[in-house]
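What follows is the residue order along each chain.
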Amino acid sequence: MSGLLSVFLHLFLLCKLAAPVTFRHRRYDDLVRTLYKVHNECPHITRVYSVGRSVKGRHLYVLEFSDYPGIHEPLEPEVKYVGNMHGNEVLGRELLLQLSEFLCEEFRSANPRILRLVQDTRIHIMPSMNPDGYEVAAAQGPDASGYLVGRNNANGVDLNRNFPDLNTYIYYNEKYGGPNHHLPLPDNWKSQVEPETRAVIQWIRSLNFVLSANLHGGAVVANYPYDKSLEHRFRGFRRTANTPTPDDKLFQKLAKVYSYAHGWMHHGWNCGDYFPDGITNGASWYSLSKGMQDFNYLHTNCFEITLELSCDKFPRQEELQREWLGNREALIQFLEQVHQGIKGMVLDENNNYLPKAVISVSGINHDVTSG
C-alpha cells in the first residue's frame, strides 16, 4: 500500500510540475506580476527596469535577459521587442509575456539553443508601450464593436505617428547631399512628443540596439522600412509607393525569417489581404509618417521591422494558445538573426577603443556608428 501511495505521490508531483500554461489576457497589475515572477524564477539572467511612465503614470517596464543583466558586454549585441504600442492591439503584449516565461523555463531546463541565445545576446522585452490605452481596450473587451477604442494613449495620440519625422530629411539628403545615418533631432523634440514616445526615444538612444521588432495587430504580415513613401502626399492623397531603404535586401531577409518561421504568415493570404511571402514594404502598403521603425533606422544603428500578427486586434482568450504556438519559433529565430553578419571593435593605433567611428559598406548608402 505504501508503495502504491509513493507512486501516486510521484505522479501527482510530476503532474504539478507539468501543469499546463494558462493563456489569458493580463491587465497592468498582472503584467507587472508576471515580469517579476519571471525575474524571481531566473534572477541571475534577468532584470526588470522601467524606461519611464505613461500619461497616467504607469511604468513602461522592460524585462532584460542576459548572462550579465544590466551590463553591456563588448561584442554582445543588443536586441529589443516592443509590444502593444497601440493599446487595442494586444496579441504582441501576450506573446512577449509568454516569450519571457519560455526563455526562463528553457534556460532553467538547460535547452542548449536558449542557453546560447541568452549567453551571447542582451535581449530587452517591453510588453506594453501603451499601458493606458490597453486598459481602455481591455475594459471594453474583445466582443465590443469599438474597433479603435484604446488605440491611442491617454492624450488621444497615436504613438506610431508621434516620432520626429526624419524621413523628410533623408529624402532631401539623398537628392542633394547630406548625412545618410544618425540624423539629428530638432532641438525642441521633447516638447513635441508624448511621454511614452519620449521615454522610448531616450531608451533607444541609451543602448546601442542593432535589431528590433515592433508587434502590432489587425493584419498578418512582416512590414519593413520605409513606412513613409517618398511622395507621402500627392494632390491631397496619401500616396503608396514602394520606398526601399539602402538596406532593402537585409530588411527583406529579416522579414522573411519571421514570416517563414511563423505558422501561417508566409502563406500570404491572411485577413482578406495578400502579401507575397507574407512580407511588405511599409510604404507600398500604406504611407505612414512619424513611425517608430523608420525612426530607429534613421536615428540609430537599429534595424527594426513591424510585425502585424493577428486579424483581430483583440483576439479572444481561447485563441491565445494557437497564436503562441504559431509565433514561438519565429520570435526565437528573429532574435538569432542578430548574430548574422560582421561584428568587431574599432581601435586606434594605440589599441584604444574609438566610439562613434563611422563605418561605411561599399554599395550601401547608409552608414553605421561604433558604440
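Calculation rules
Within every chain, residues take consecutive numbers counted from 1 along the sequence as written. Only residues with pLDDT of at least 70 get local features here, since the model is predicted, and only at 80 or more are side-chain atom pairs given and counted; chain-wide, interface and lining totals rely on the full set of residues. Note that water and hydrogens are dropped before the side-chain values are worked out from all heavy atoms of the structure. UniProt positions are given in the numbering used here, feature names are shortened, and annotations may be inferred rather than shown by experiment. Nine residue types can take part in a nonpolar core, namely buried Ala, Val, Leu, Ile, Met, Phe, Trp, Tyr and Cys, and a core is a set of them joined through side-chain atoms within 4.5 Å. We call a residue buried when its accessible area falls under 20% of the maximum for its residue type, exposed when it is over 50%, and partly exposed in between, using a 1.4 Å probe and counting protein chains only. Think of it this way: any DSSP run of H or I at least four residues long counts as a helix, any run of E at least two long counts as a strand, and we number them from the N terminus. Any pair of residues with heavy atoms lying within 4.5 Å of one another is described as a contacting pair. Cavity means a closed set of points on a 1 Å grid over the protein atoms alone, one where a 1.4 Å probe fits but cannot get out, pocket means an open set with protein on both sides within 12 Å along at least 5 of 7 lines, and lining means a residue has an atom within 4 Å of a point. Grid points are joined across faces, edges and corners, and a volume is the space filled by probe spheres set on the points. Three residue categories are used. Nonpolar comprises Ala, Val, Leu, Ile, Met, Phe, Trp, Tyr, Cys and Pro, charged comprises Asp, Glu, Lys and Arg, and polar comprises the others, including Gly. Each polar contact in these results corresponds to two N or O atoms within 3.5 Å; when the atoms are within protein, one needs to be able to donate a hydrogen and the other to accept it, and residues that are neighboring in sequence are counted only if both atoms are side-chain atoms. Throughout, disulfides are identified as pairs of cysteine sulfur atoms within 2.5 Å of each other.

Looking at an unreviewed UniProt entry, one finds the protein named Carboxypeptidase N subunit 1 and attributed to Myotis myotis. The record in UniProt for the protein states the following under Subcellular location (unreviewed entry): "Secreted".

Caption draft 1: Spatial organisation of the nonpolar core. Ranked by internal contacts, the top residues of the largest apolar core, which has 83 residues, are Phe 65, Tyr 81, Leu 99, Met 126, Met 129 and Trp 203. Per element, the largest residue contribution to this core is eight residues, and it comes from helix 3 (residues 91-108). Among residues more than four places away in sequence, those in contact with Trp 203 are Tyr 49, Val 51, Val 62, Lys 80, Val 82, His 124, Met 126 and Phe 209. Within the second largest apolar cluster, five residues are counted, among which are Val 90, Tyr 134, Ala 138 and Phe 314.

Caption draft 2: Broad picture of empty space enclosed by the protein. Applying the stated criterion across every chain, the model contains one cavity of 30 Å³ or more. Every residue lining the largest cavity is listed: Phe 23, Leu 91, Glu 94, Leu 95, Gln 98, Leu 320 and Trp 324. The set of elements that each furnish at least two residues to the lining of the largest cavity consists of helix 3 and helix 11 (320-336). In terms of residues, the lining of the largest cavity owes the most to one element, helix 3, which gives four residues. When grouped by side-chain class, the residues that make up the lining of the largest cavity number five nonpolar, one polar and one charged.

Caption draft 3: Structural context of the UniProt feature "active site" (unreviewed entry) in the protein. Those places that UniProt annotates as "active site" (unreviewed entry) correspond, in this numbering, to Glu 308. In this fold, Glu 308 is placed in strand 12 (residues 303-310). For Glu 308, a relative accessible area of 7% gives the class buried. Among all residues touching Glu 308, those that are not within four sequence positions of it are His 216, Gly 217, Gly 218, Ala 219, Val 220, Val 221, Met 265 and Trp 285. In terms of polar contacts, Glu 308 uses its side chain to reach the backbone amide nitrogen of Gly 217, at 3.4 Å.

Caption draft 4: Examining the state of the cysteines more closely. All chains considered together, the criterion is met by two disulfides. Residue pairing for Cys 42: its cysteine sulfur links by disulfide to Cys 104, the two sulfurs lying 2.0 Å apart. Judged by the sign of its S-S torsion, about 95°, the cystine formed by Cys 42 and Cys 104 is right-handed. Of the two residues, Cys 42 is situated in the loop between helix 2 (28-41) and strand 1 (46-53) and Cys 104 in helix 3; the sequence distance between them amounts to 62 residues. The same class applies to Cys 42 as to Cys 104, namely buried. Disulfide pairing places Cys 271 opposite Cys 311 at an S-S distance of 2.1 Å. Measuring handedness by torsion sign, the sulfur bridge of Cys 271 and Cys 311 sits at about -85° and is left-handed. A residue pair is termed long-range when its members are at least 10 positions apart, and Cys 271 in the loop between strand 9 (269-270) and strand 10 (273-274) and Cys 311 in the loop between strand 12 and helix 11 qualify at 40 residues. With a relative accessible area of 32%, Cys 271 lands in the partly exposed category. Here the disulfide map of the protein reads 1-2, 3-4, the bonded cysteines being numbered as they appear in the sequence.

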